[in-house]
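Spelled out, the chains give:
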Amino acid sequence: MEFLSDSVVLSRMQFALTAIFHILWPVLTTGMGIYLVIVEGLWLKTRNPDYYLHARFWSKFYVLNFGIGVATGIPMEFQFGTNWAPFSEAVGNFFGSVIGFEASWAFMLEAAFLGIMLFGWERVNPAVHYLSTILVAVGANLSTLWILTANSWMQTPAGGEMVNGKFVVNDYFQAMFNPFMANSVLHMFFATLETSLFVIGGISAWYILQKRHPEFFAKSLKIVLAAAIAVAPLQIYIGHLSGEQVYHYQPTKLAAMEAQWESTPAGQPADWSLLAIPNEKAQKNDWEITIPNALGYILEFKQNLSEPVRGLKEWKPEDRPHLVGLIYYAFRVMIAIGFFFAGLMLLTTVQWLRGKLVAKNITQQRWLMLAWVFAAPLGYIAVESGWIVRCVGRQPWTLYGQIRTVDSASRLPASNVLTSLTAFAVVYSLLFIAAMYFGSRIIRRGPNLNLPIPGTEITKPAVDTTPGEFMPDERPVEAQQ
Amino acid sequence: METLKYFLPQVWFVILALFLFLYVMLDGFDLGVGILSLTSSDEERRGILMTSLSNIWDANETWLVLMGGGLFGAFPLAYGTILNALYIPILVMVFGFIFRGVAFEFRELSRRKLFWNFAFGAGSFIAALGQGFALGAVLKGINVDETGHFIGSTWDWLSLPSVLVALTLIQGYVLIGSTYLVWKTTGELQETHYKTAKIAALTTLIGAIAITISTPIIYESARYRLFQQPLVYIFTLIPVLGVWLIWQLLQSLNRKEERAPFVWTILLFVLSFIGLGLIIFPYIIPTKITIYEASADPSSLVIMIIFIGFLIPVMLFYNLYQYIVFRGKVTGGGYEE
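Rules behind the numbers
- Residues numbered from 1 in each chain as written.
- Chains lettered and ligands numbered in written order.
- Predicted model: local features only at pLDDT ≥ 70, side-chain atom pairs only at ≥ 80, totals over all residues.
- Heavy atoms only, no water.
- UniProt positions renumbered as here; feature names shortened; annotations may be inferred.
- Helix = DSSP H or I, 4+ residues; strand = E, 2+ residues; numbered from the N terminus.
- Rg over C-alpha atoms; globule rule 2.2 N^0.38 Å.
- Buried < 20%, exposed > 50% of the residue type's maximum accessible area, 1.4 Å probe, protein only.
- Contact = heavy atoms within 4.5 Å.
- Areas by Shrake-Rupley, 256 points an atom, 1.4 Å probe, with all protein chains shown as cover.
- Lys, Arg positive; Asp, Glu negative; His and termini not counted.
- Charge placed at Lys NZ, Arg CZ, Asp CG, Glu CD.
- Buried area = accessible area lost by both parts, 1.4 Å probe.
- Salt bridge = Lys/Arg side-chain N within 4 Å of Asp/Glu carboxyl O.
- Polar contact = N/O pair within 3.5 Å; in protein donor to acceptor, adjacent residues only side chain to side chain.
- Nonpolar A, V, L, I, M, F, W, Y, C, P; charged D, E, K, R; others polar.

An unreviewed UniProt entry annotates chain B as Cytochrome oxidase originating from Nostoc piscinale CENA21. Its UniProt record gives chain B a comment under Subcellular location (unreviewed entry), which states: "Cell membrane".

Where an unreviewed UniProt entry is consulted, chain A appears under the name Cytochrome oxidase, with the organism given as Nostoc piscinale CENA21. The record held by UniProt for chain A lists under Sequence similarities (unreviewed entry) the comment "Belongs to the cytochrome ubiquinol oxidase subunit 1 family." If you open the UniProt record of chain A and go to Subcellular location (unreviewed entry), you find "Cell membrane".

Next comes the structure, spelled out in structure tokens:
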């Protein structure tokens, strides 16, 4: 238990833990924001009350996730100062500014218009409301842009150089548009969208399986499917481009992702390892299944590589990432989920074209709906895996090739960090359990299909509802939206 | 170039002061309402208290995130050193935020609200306490080496003066929270907060007097600054104005005015803030590191002005718009359908 007295290791664990938990919530809100823009737009266009009710129902998940996202995100910002003070000082010129941009461009926008989006249905006119919904979605996605810009720069630091232990920026735009930036932003943008789509699809499928409002939820499933047809294949393509970039810019990470210990010189074919048991001590894979020549095709679409693939052994152990097995498997899990999503999307599209997704027979698509329910949590697992590959694979550097992780951490008493780490672990686990509990409560309660539609006098149910218990709303008018 | 090196850090000092002030004012009443919810007698009242904040709490808290991000970018050395030195108060604040933030959503969905009510109130109190200790510690001075890196120990932030600052800040938050509730509520609830506002006005006054008297006695560095010409006139004027403002505040409370107490309290906050700014400037880590020593490169500061500066009026506008949309008294105890 040596690590318990090493404040650098503990700070790393704390950052990893808070990041792994935090990302769960914004992933959903960023993608779902776009979904809410779509359904509200459909409502304004068609005036079909179902779309309005979809907007209201799914926004309950939005607000739950947003609240926890904010609460767990604020510690992330402060940790740069508390636990990583030398890093903050060294990279403040660029990295610090970008963190400031995130707060002003993205977070404030989302926070300011969220109130109107959630509680303003009766207070502003539909156009202003729709604008608020759009601005909330834009704000959330701008967060992705800035955070991924900052993180990409940590992967491929550009636009300046280290002078006396500080990164001096010569060209801000070069730093911002660093080699990883565009693909990383897109990859994460599609990841949040895909995760949210499959969560919404999964929950909808669950209702359909339960035969609760199947007609209503067939609608959301079809919206999800229409979006997934574009997103799922694109994500695979962007993922491929990201992999190629890692090959060019971060050879140590690529070697760990593929568990390549030996180098393959240029001009030769390289095998792709499908499954393996990497052994760091022996610097080899204890067991392995490989596909001959496949790595060449994956990286360059041809059998013989034009650049060498360097193996881990080329670097001294202190210059290459550890936890090779974790990086290797996290990478494979992410890819498997990406392809599963694309497959499920294809299969469902075929059923749709065959007319099997209409209200009267969609409940008979038992296996397909079960597959959607199964897919609901997979996006999260893919996102977490991807981030593990990205950030564990960047080690031993915080700023790739420039600043080492050991030199980035504040000199803190290990007992302090251990205490805060424990507190985070306990509180975040409780938050996770509470979020699951309350999220499932929203699901069990189901949508309220009796909501009055803004701008109309109609009080009768908008769609067929299975009669439930009637609960008169005794709260003051202000509260009854 | 030399002028820029003086001018730009000053601009950023002012911008960050503005962000911090907006934070202290807006999240101040927010946290104050949270602390007051611990004294609420029943569920309905707590419901109204939380409803009065439901649409604004995260926008209010964002000013702190913005201040943090700005400090990180504009004064990276100060960001690292101060946060490093204040490890415990900052984490205390952060955990306070976590509890009160999730309480908004979880309370709404929960059948047994007692725990989340408590999490909301206690979280607000803990967050305010952490901020108070942080402020107290910064004023008292952070132990740094000649390059500005923290060399003190874990518990440096805890001292008698920082306890005094923390308690006074909490009183100030309760005061602005009370006057906000006077503005936003009616009936019995409003009556209660006329009372809490009066009590808080008096306790804040006592705390402020104690701080005013003890500052030149305890802090040698501040003493020098306070009695410098011509600042000495300003520093004499501030407490006098402060007492006058509290007098006006108490009178408006006695007259049962609804909005004036909140306005007087804001003016009181403005005044304390100006005083604080004048004591600290031109330091960012008081009496050790100046804003010029801690600032990022001039080019960074320019880029940040370009990217953030023009957004400040925009952000102010849409925050204001939010308050306009949700103007009027809060009556309901729940905010979801």
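Chemist: I keep staring at the overall build of chain B and nothing clicks. Help me out?
Modeler: Per the secondary structure count, chain B includes 14 helices and 2 strands. Taking 20 Å as the expected radius of gyration for a compact globule of 337 residues, we find that chain B reaches 20 Å, a close match to that expectation. Dimensions of chain B, computed from the C-alpha atoms along their principal axes, are close to 60 × 40 × 40 Å. Counting across all 337 residues of chain B, residues that qualify as buried make up 61%. Long-range contacts, defined as pairs at least 24 residues apart, comprise 81% of the intrachain contacts of chain B with a sequence gap of at least 6. Of the roughly 13,600 Å² of accessible surface on chain B, 71% is carried by carbon and sulfur atoms. Counting 20 positive and 22 negative side-chain charges, chain B places the centres of these two groups 8 Å from one another.

Chemist: Explain the environment of B:Ile48 to me, please; I cannot follow it from the model alone.
Modeler: All names here are of chain B. Tracing the chain through its elements places Ile 48 in helix H2 (residues 43–54). The class for Ile 48 is buried, based on a relative accessible area of 11%. In sequence terms Ile 48 and Ser 37 are 11 residues apart; their C-alpha atoms lie 9.8 Å from each other.

Chemist: What is the right way to look at the interface of chain B and chain A in this model?
Modeler: Many authors give the size of an interface as the accessible area that is lost as the parts come together. With 64 residues of chain B in contact, the opposing surface of chain A contributes 77 residues. Where chain B abuts chain A, roughly 6,300 Å² becomes buried across the two surfaces, and 71% of that area is made up of carbon and sulfur atoms. Our enumeration of links across chain B and chain A arrives at 0 salt bridges. At the junction of chain B with chain A, the criterion picks out 12 residue pairs in polar contact (both at pLDDT 80 or more). Within the residue set of the side of chain B that touches chain A, elements represented by two or more residues are helix H3 (57–74), helix H4 (76–85), helix H5 (87–109), helix H13 (298–309) and helix H14 (311–325) of chain B. If you tally residues by element for the side of chain B that touches chain A, the top one is H3(B), at 14 residues. Among the residues forming the side of chain B that touches chain A, the class breakdown is 37 nonpolar, 19 polar and 8 charged.

Chemist: Got a minute to help me understand the UniProt feature "transmembrane region" (unreviewed entry) in chain B in this structure?
Modeler: All names here are of chain B. UniProt feature "transmembrane region" (unreviewed entry): in the numbering of this structure it lies at residues 12–38, 85–103, 115–139, 159–183, 199–219, 231–250, 262–285 and 300–321. Within the segment residues 85–103, helix and strand shares are 95% and 0% respectively, and the terminal C-alpha atoms sit 29 Å apart. Between the C-alpha atoms that bound residues 115–139 the distance is 36 Å, and the span itself is 100% helix and 0% strand.

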